[in-house]
Amino acid sequence: MAERTAPRLYSIAAHRGFADALVAGLVPRYADPEFGLARLTLLVPSSRARRTISEAFIRHAGETGSPGLLMPRMAVVGDLDLDEMLGPLLDPLGAADIPPAVDPQRRLFALAGLIAETMGEDAPGGATLLRLARETGATMDRLLVEGVGPEELVGEPVLDLFGSLSDHWQRSLHLFATVQSKWLARLQEWDALDAAARRNRLFDCAARRWKEHPPATPIVAAGVTSAAPSLARLLRVIADLDNGAVILPDFDLTMPPAVWEELGRAGAAPGPGDTPFAREDAVTHPQYHLKLLLNRMGVAREEVQPWHRKGLAAAPPERSHAIGSLFLPPEASKSWVALPPEKRRLSGVRIMTAANPEEEAQAIALLVREAVAQPERRVAVITPDRGLARRVVHHLDRWNIATDDSAGRPLSQTAAGRLVLLLAEVMADGAAPVPLMGLLGHPLVDGGMERGAWLRQLRRVERALRGPRRSGGLAPVAAIVAKLAERHPRVAEWYAVAEAALAPLLSLADEGSIALADLLDALVASGEALCGETLWGREDGRSLATFVEEVRLQAREAGFTLAPGEAHIALRDAMEQIAVRPPYGGHARVQVLGLLESRMNRAELVICAGLNEGVWPTRGGVDALLAPPVLRALGVPGADFRIGLSAHDLAGAMGAPEVVLSHAQRDEAGPTIPSRFLLRVQALLGEQLEAHEETAALELARAMTRAPAAPRYARPAPDPAPEQRDVDISATALDRLLGDPYQFYADRIMGLKDLDALDAEPSAPWQGTVAHTILQRWHEAREKDDGARLAPTMEAVLDEENADPLMRGLWQPRLEAALRWIEDTVSAYEDRRVLAVEKKGAMTFEGVHVHGRADRIDRLADGSLAIVDYKTGTPPSAARVEAGFALQLGILGLIAERGGFDGLAGDPGAYEYWSLGKAKSENPHGFGYVEVPLKVGNKRSGVAPEDFLPLTAEKLALAITHFIKGGDAFTARENPNYEGYDTYDQLMRLDEWIAHQDGGEGA
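Residues numbered from 1 in each chain as written. Predicted model: local features only at pLDDT ≥ 70, side-chain atom pairs only at ≥ 80, totals over all residues. Heavy atoms only, no water.

Secondary structure assignment for the protein yields 37 helices and 23 strands. Radius of gyration (C-alpha) of the protein: 38 Å, far over the 30 Å computed for a compact globule of 1003 residues. Expressed as lengths along the three principal axes of its C-alpha atoms, the size of the protein is roughly 130 × 70 × 60 Å. Pairs at least 24 apart in sequence give 78% of the contacts found in the protein among residues at least 6 apart. By element, 51% of the accessible surface of the protein is carried by carbon and sulfur atoms, the whole surface being about 45,400 Å². Taking the 108 positively charged and 138 negatively charged side chains of the protein as two groups, their mean positions are separated by 4 Å. (Helix = DSSP H or I, 4+ residues; strand = E, 2+ residues; numbered from the N terminus. Rg over C-alpha atoms; globule rule 2.2 N^0.38 Å. Contact = heavy atoms within 4.5 Å. Areas by Shrake-Rupley, 256 points an atom, 1.4 Å probe, with all protein chains shown as cover. Lys, Arg positive; Asp, Glu negative; His and termini not counted. Charge placed at Lys NZ, Arg CZ, Asp CG, Glu CD.)

This is the structure we're talking about:
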């Protein structure tokens, strides 16, 4: 028997650049004078890796002056994380004896049905059930990839642990085992396999075929690091082939044996009954998954040979030594104390610490722009933070450096996906204003009209729809359109399109549950009615079309139903699983990559961004269904295993000639914690850290946002021309003119009004308007019928306002109690009667038109008039009246005294605020009381009743003399004690000058 040769395993060190070094070695070793590399077959881990290696072949041909090159055949081994499909080499037509893989969506709905059947009445529904089914499928895949069969869930190692688990984990394990058992029976009925199980069979089939009948042409597995047992067996067969080889990326051949042992068991149980993984395993180490792979291949570490070729973007060899020292496990890290300087050398590595993500993105974009200015220099930005990646892309776009985030975006965050989610939200919320306006203003929506014309009609409706929250539905929009159509006829055309598109969808909201397939039909129909073919025109639209077809088909087969209110949650969860990657065609020398896409890639400058805990590495999670001890007993690596993979990604990226490691000190949530990897780099550098700091890009980024020092903004004091000052004064405006003249200037002279928000909280002015309308209608009804009641009037007014049900539930009981108090009080009058409600009056005072509206005017027993003002909140105090900041009743009294109310004669004798707030004294209704803002009864301060009108006239004359007829400036916040609204604070730039006010400057 021929002596067995050692397996052909090679490692390309981090500093050599994997793709370029791989090509540099493959060409002289496998090139044929006639066929080039066409006879060579490369197994690569992903489609992105295939593209990266293809580019490396092109660069090599250009560097060596080759006129042409026949490329090798590259087969994708497949990555479940990237949803990669196996190529025809590993999934040939001849594999008919292996059942097909079940459709992922079909499996999802089938698992949801099995979970609901198993849990019975305790089963969640709708979106929660789908989420649980998705987690169940992910756990099943995790076990299948590791070659763990369902029978092992009830094996002795797990049963021994079962009693020590908490009740939660016991129930979860029982549910998972039961559902998996039923699922396997379902698969047998369908004659299908899980995708992960089928992949394992294909790997085993290829391994068996190549072992029994070695292929005549060379096969090389390049960059494949997955430690799945079936793939490890295939790689071992390839390594044993005479014309085969396995080439690993960034395998550390310089690691001392003691450190290698410290990594832990890594799948090799020390003895019978022991678990292949121990709690103390260094699963977060970047070499741990490679040790696991070698153990499962049955290869000793000493059998791995170095790949002596290097790529075009190779770094100094000292870099790999420093990287190896950088990621030493805990015990071995003690050697840092005696580590010589040459082992710490990280020349070409810089650390950039930004204040926030925006500054970090700006500085990264500047580094990219600087690198691109150098001929043939390539640059790669690597980050798992997709938000940061998008910021970098947008900053580069300002300089016409076109690039895209190669990691893609979730379908739910694309224009097409967001449109479908907005349609589902509109249905769930009953066409509430915010989602409705968001939908109709979506960039893809035009309703078949010219986009500008569509938006003009939308803005008109949106402006009128602003204000307190109203009940959902299209009724308020229809009422607004009916009013607007008189002046703007195209609004009716706009609304007809919107109503035709949304009415069928809104009709589904009243149903208790709806079939998901029917819901998708309705969503698609509404989307096409609003967008036309534009909805499907781009890459996100094509991904959406595929998603809709797959989900609709499988949901209809499974008969899956859910409540309409949960539709947008279920669809969002499903869309987040789909990555939409942009079409290639950006800048040839700039790449923005995620961690998966960055593997095997290389550039002269690599920027590793977002190095914060929770981002790089991501937070280690716990499997939702199986407890960590159960996973260890089954021989499945824990959740922290992925931290080791992200550490390996960083180690590979740090092999570039020039590296920048960046992080931000704060993010949207507050202060951040630097990545454990970054802290290790800083600790390794020690006293050399300051020399490795990147500051130039940060200084440029800060300079771009740093404006010249502006002079201190002075307190605003506008001085309009006399003709601009010639305005009337309302009863409520005098207080503002005396208390804060700037607010009067902005309101009456500039004509600026506050714009309400969409779906705003009910404001005090709105509540006051509603209360006044109710009382006005009730008083008018009492003139015809003394028995008219307030409650029906209140219901009618709130119905007309289309008030939001939640708001009505909270406010209506208090309002009704206060109105009943008013009803009882007014109905009990014997020597007092109501003369008028909402009565307008006016007078000319020193040449100025002064006007006001009295909420109610009563005739007292002595023939005098009582002026009543309704308040939904706390009335002004007597002290405010005395200070001249609450003279509304006084102005109305002056108008009455001068006969300014048509049809009403008499001198004012009483001034009352009727508050609808909580009663201050005995009141059977609990709400409502009368407040007289004058010095009456036991009050020791305030204005005497006989002095009230003279004081009001004096203040009114003062205001007219100084502001209307005079030349005084309308100074902002002239009287600090005035408690006015903050409507115009931003306009007066209050925060810029208020802190600088002192006794010497306008105080």
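Taken in spatial order, the six strands of this open sheet run 3-2-4-5-1-6, and their pairing is parallel. Each of the sheet's edge strands pairs with one partner strand only, and the pair in question is strand 3 (73-76) and strand 6 (304-306). The average angle at which neighbouring strand axes cross in this sheet is 25°, direction not considered. Inspection of the sheet shows strand 4 (residues 219-222) paired to strand 5 (residues 244-249) by four bridges, in the parallel sense. In the strand pairing of strand 5, Ile 219 is matched with Gly 244. (Pairing = 2+ DSSP bridges. Axes fitted to C-alpha atoms, helices over the stretch in contact; angles between N-to-C directions.)

Turning our eyes to something else, we now look at the sheet that holds strand 7 (residues 349-354). Read across the sheet, five strands follow the order 7-15-14-8-13 without closing on themselves; strand pairing throughout is parallel. Because the sheet does not close on itself, it has two edges, and the strands there are strand 7 and strand 13 (590-593). Mean inter-strand twist for the sheet, computed between neighbouring axes without regard to direction, equals 15°. Helix 13 (residues 357-372) rests against strand 7, strand 8 (379-382), strand 13, strand 14 (605-608) and strand 15 (658-664) of the sheet, and its axis sits at about 145° to strand 7.

The predicted coordinates of low-pLDDT regions are not to be read in fine detail. This prediction gives the protein a mean pLDDT of 87; 96% of its residues lie at or above 70. Here residues 999-1003 is a poorly scored stretch, pLDDT under 50, and it has six contacts once near neighbours within four places are set aside; other chains count. (pLDDT = per-residue confidence, 0-100.)

Inspection of the entire model under this criterion finds 15 aromatic pairs. Judged by centre distance (6.3 Å) and plane angle (5°), the ring pair of Phe 744 and Phe 970 falls under stacked. Taken as a pair, Phe 744 in helix 30 (residues 741-749) and Phe 970 in the loop between helix 36 (945-964) and helix 37 (990-993) lie far apart in primary sequence, 226 residues in all. Judged by relative accessible area, which is 0%, Phe 970 ranks as buried. Judged by centre distance (6.4 Å) and plane angle (85°), the rings of Tyr 870 and Trp 914 are edge-to-face. On the criterion of sequence distance, the pair formed by Tyr 870 in strand 21 (residues 865-871) and Trp 914 in strand 22 (residues 908-918) is long-range, its members being 44 residues apart. Here a set of aromatic residues connected by ring pairs shows up, and it is made of Tyr 742, Phe 744, Tyr 745, Phe 963 and Phe 970. Seen from the ring of Tyr 10, Arg 29 lies directly overhead, with NZ or CZ sitting 5.2 Å from the centre. (Phe/Tyr/Trp six-rings, centres within 6.5 Å; stacked < 30°, edge-to-face > 60°. Buried < 20%, exposed > 50% of the residue type's maximum accessible area, 1.4 Å probe, protein only. Lys NZ or Arg CZ within 6 Å of the ring centre and 35° of its normal.)

Moving on, we get to the packing of helix 11 (residues 318-326) against helix 26 (residues 676-685). To characterise two packed helices, one gives the angle between the axes of the helices and the distance between these axes. Here helix 11 crosses helix 26 at 115°, and the two axes come no closer than 10 Å. It follows from the interaxial angle that helix 11 and helix 26 lie roughly perpendicular. For the pair helix 11 and helix 26, the crossing hand works out as right-handed. Of the residues in helix 26, those in contact with Ala 322, Ser 325 and Leu 326 of helix 11 are Arg 680, Val 681 and Leu 684. Of the residues belonging to the contact of helix 11 with helix 26, the class tally is four nonpolar, one polar and one charged. (Parallel < 35°, antiparallel > 145°, perpendicular 65-115°, else oblique. Left-handed = near helix turned anticlockwise from the far one by under 90°. Nonpolar A, V, L, I, M, F, W, Y, C, P; charged D, E, K, R; others polar.)

Time to look at the side chain of Asn 601. Structurally, Asn 601 is set in the loop between helix 23 (595-598) and strand 14. In this structure Asn 601 touches Arg 48, Thr 52, Gln 591 and Leu 593, once residues within four positions along its chain are discounted.

Turning next to the pattern of salt bridges. Opposite charge on two side chains permits them to pair, given that their charged atoms come into close proximity. A full pass over the atoms with the stated rule returns 45 salt bridges. Two residues, Lys 182 and Glu 117, come together in a salt bridge whose shortest N-O distance is 3.2 Å. Residue Lys 182 is found in helix 6 (residues 167-190), and its partner Glu 117 is found in helix 3 (residues 104-119); the two are separated by 65 residues along the sequence. Overlapping salt bridges, with partners in common, bring together Asp 518, Asp 521, Glu 549, Arg 552 and Arg 556 in one network. (Salt bridge = Lys/Arg side-chain N within 4 Å of Asp/Glu carboxyl O.)

In this section: the side chain of Asp 735. Examined against the element boundaries, Asp 735 turns out to sit in helix 29 (residues 733-739). For the buried Asp 735, no salt bridge exists, and the shortest N-O distance to an oppositely charged side chain is 6.0 Å, to Arg 880. Those residues within four positions of Asp 735 in sequence are excluded, and the remaining contacts are Asp 740, Gly 884, Phe 885, Ala 886, Leu 887, Gln 888 and Tyr 978.

Within the largest apolar cluster, 96 residues are counted, with the highest numbers of intra-cluster contacts made by Leu 440, Leu 530 and Leu 544. The leading source of residues in this core is helix 15 (residues 415-428), at nine residues. Apart from the residues lying within four places of it in its own chain, the contact partners of Leu 544 are Leu 411, Ala 416, Val 420, Leu 535, Trp 536 and Met 575. Counting residues in hydrophobic clusters, the runner-up holds 82 residues, among them Ala 207, Ala 232, Leu 326 and Val 659. (Core = buried A, V, L, I, M, F, W, Y, C linked by side-chain atoms within 4.5 Å.)

Take the environment of Pro 629 next. Inspection of the secondary structure puts Pro 629 in helix 24 (residues 628-634). Sequence separation between Pro 629 and Ser 164 is 465 residues, and the spatial gap between their C-alpha atoms is 9.9 Å.

On to unusual backbone geometry. Among all residues save glycine, negative phi is the norm, and among peptide bonds the norm is trans. Here Trp 616 and Pro 617 are connected by a cis peptide whose omega angle stands at 5°. Mapped onto the secondary structure, Pro 617 falls in the loop between strand 14 and helix 24. One non-glycine residue, Asp 191, lies in the positive phi region at around 55°. Topologically, Asp 191 is positioned in the loop between helix 6 and helix 7 (195-212). A positive phi angle, close to 55°, is found at Arg 989, a residue other than glycine. Its location among the elements puts Arg 989 in the loop between helix 36 and helix 37.

Structurally, Thr 217 is set in the loop between helix 7 and strand 4. For the pair formed by Thr 217 and Asp 405, sequence separation is 188 residues and the distance between their alpha carbons is 37 Å. In this structure Thr 217 touches Arg 39 and Asn 243, once residues within four positions along its chain are discounted.

Two elements in contact, helix 8 (residues 229-240) and helix 10 (residues 288-297), have axes separated by 8 Å at closest approach and are oriented at 70°. One finds that helix 8 runs roughly perpendicular with respect to helix 10. Taken as a pair, helix 8 and helix 10 cross one another with a handedness that is right-handed. Listed contacts from helix 10 to Pro 229, Ala 232, Leu 235, Arg 236 and Ala 239 of helix 8 are Leu 293, Arg 296 and Met 297. Of the residues that constitute the contact of helix 8 with helix 10, the class distribution is six nonpolar, no polar and two charged.

Attention shifts here to the pairing of strand 4. Neither face of strand 4 is exposed, since Ile 219 and Ala 221 on one face and Val 220 and Ala 222 on the opposite face are all buried. Each parallel crossover has a hand, and the one from strand 4 via helix 8 to strand 5 is right-handed. (Right-handed = clockwise from strand over helix to strand, strands pointing away.)

A few words now on the environment of Ile 238. By the secondary structure assignment, Ile 238 is in helix 8. With a relative accessible area of 0%, Ile 238 lands in the buried category. Between the alpha carbons of Ile 238 and Lys 211 there is a distance of 8.4 Å; along the sequence they are 27 residues apart. For Ile 238, the residues in contact, after removing those within four places along its chain, are Leu 43, Trp 210, Ile 219, Ala 221, Gly 244, Ala 245 and Val 246.

Turning our eyes to something else, we now look at a nonpolar patch on the surface. On the surface, Met 750, Leu 752 and Leu 987 cluster together into a nonpolar patch covering about 250 Å² of accessible area. Looking at the secondary structure, you find Met 750 in the loop between helix 30 and helix 31 (764-784). Residue class for Met 750 comes out partly exposed when judged on its relative accessible area of 44%. (Patch = residues over 30% accessible without salt bridge, like charges linked within 9 Å, V, L, I, M, F, W, Y side chains within 5 Å.)

All right, on to helix 11 then. Among the nine residues that make up helix 11, seven are buried, leaving the element largely enclosed by the rest of the structure. Among all positions in helix 11, only Arg 319, Ser 320, Ala 322, Ile 323, Gly 324, Ser 325 and Leu 326 are buried.

Turning to the pairing of strand 5, a few remarks are in order. The element strand 5 is extensively covered by neighbouring structure, given that six of its six residues are classed as buried. Burial along strand 5 is two-sided: Gly 244, Val 246 and Leu 248 and Ala 245, Ile 247 and Pro 249, pointing in opposite directions, are all buried. With four bridges connecting them, strand 1 (residues 9-12) and strand 5 associate as parallel partners. Within the sheet, the bridge partner assigned to Ile 12 lies in strand 5 and is Pro 249.

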